[in-house]
Amino acid sequence: MALRLLDYPAWRVEVNGKAVTPQHAETNGEMILSLSAGRERITVRLVRTPDRKLGVAISMIAMLTLLALLNAGGLRLLSASP
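Residues numbered from 1 in each chain as written. Predicted model: local features only at pLDDT ≥ 70, side-chain atom pairs only at ≥ 80, totals over all residues. Heavy atoms only, no water.

Student: Whenever I open this one, the overall build of the protein confuses me. Can you help?
Tutor: When helices and strands are counted, the protein shows one helix and six strands. Element order for the protein, N to C, with α for helix and β for strand: β-β-β-β-β-β-α. Buried residues in the protein amount to 13% of all 82 residues. When contacts within the protein are restricted to residue pairs at least 6 apart in sequence, those whose partners lie at least 24 apart make up 60%. Summing over all exposed atoms, the protein offers an accessible surface of approximately 6900 Å²; the carbon and sulfur share of this is 61%. (Helix = DSSP H or I, 4+ residues; strand = E, 2+ residues; numbered from the N terminus. Buried < 20%, exposed > 50% of the residue type's maximum accessible area, 1.4 Å probe, protein only. Contact = heavy atoms within 4.5 Å. Areas by Shrake-Rupley, 256 points an atom, 1.4 Å probe, with all protein chains shown as cover.)

Okay, structure coming up:
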């Protein structure tokens, strides 16, 4: 079975509750699953990889730094006397 999803490391694929490693098509990189005849339960989830976790952490640090700088600058402006 071909899934219309590109074979990206963050995809986790399970067939009947067991993790499987999908193959990928040579032409377009779509995921291909080898299934037996009959009924199968397929679960595909996108999980967080270490690079995504690092990106979130960097974004949070940048946002907190920006808020701290804006807050510090705002307090100086309010406390300055003419």
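Student: Explain unusual backbone geometry here, please?
Tutor: With the exception of glycine, the majority of residues adopt a negative phi angle, and the majority of peptide bonds are in the trans configuration. Backbone geometry at Asn 16 places phi at a positive 55°, although glycine is not the residue there. Tracing the chain through its elements places Asn 16 in the loop between strand S2 (11-15) and strand S3 (18-20). Owing to a relative accessible area of 43%, Asn 16 belongs among the partly exposed residues under this scheme.

Student: Would you mind going over the sheet that holds strand S5 (residues 30-32) with me for this structure?
Tutor: One key point about sheets: their strands pair by backbone hydrogen bonds, in either a parallel or an antiparallel sense. Strand order in the open sheet formed by three strands is S1-S5-S4, and the pairing between neighbours is antiparallel. The open sheet has two free edges, formed respectively by strand S1 (2-6) and strand S4 (23-24), since each of these has just one partner strand. (Pairing = 2+ DSSP bridges.)

Student: Even after reading the chapter, I still don't get a nonpolar patch on the surface, so can you show me in this structure?
Tutor: Taken together, Val 56, Met 60, Met 63, Leu 64, Leu 66, Leu 67 and Leu 70 make up a surface patch of nonpolar side chains, about 680 Å² in accessible area. Among the secondary structure elements, Leu 66 is positioned in helix H1 (residues 50-79). (Patch = residues over 30% accessible without salt bridge, like charges linked within 9 Å, V, L, I, M, F, W, Y side chains within 5 Å. Salt bridge = Lys/Arg side-chain N within 4 Å of Asp/Glu carboxyl O.)

Student: Quick question: what am I supposed to make of the environment of Ala 10 here?
Tutor: Among the structural elements, Ala 10 can be located in the loop between S1 and S2. Residue class for Ala 10 comes out buried when judged on its relative accessible area of 0%. Sequence separation between Ala 10 and Thr 49 is 39 residues; the distance between their C-alpha atoms is 6.0 Å. If near-sequence neighbours (up to four positions away) are discounted, Ala 10 is found in contact with Arg 45, Leu 46, Val 47 and Thr 49.

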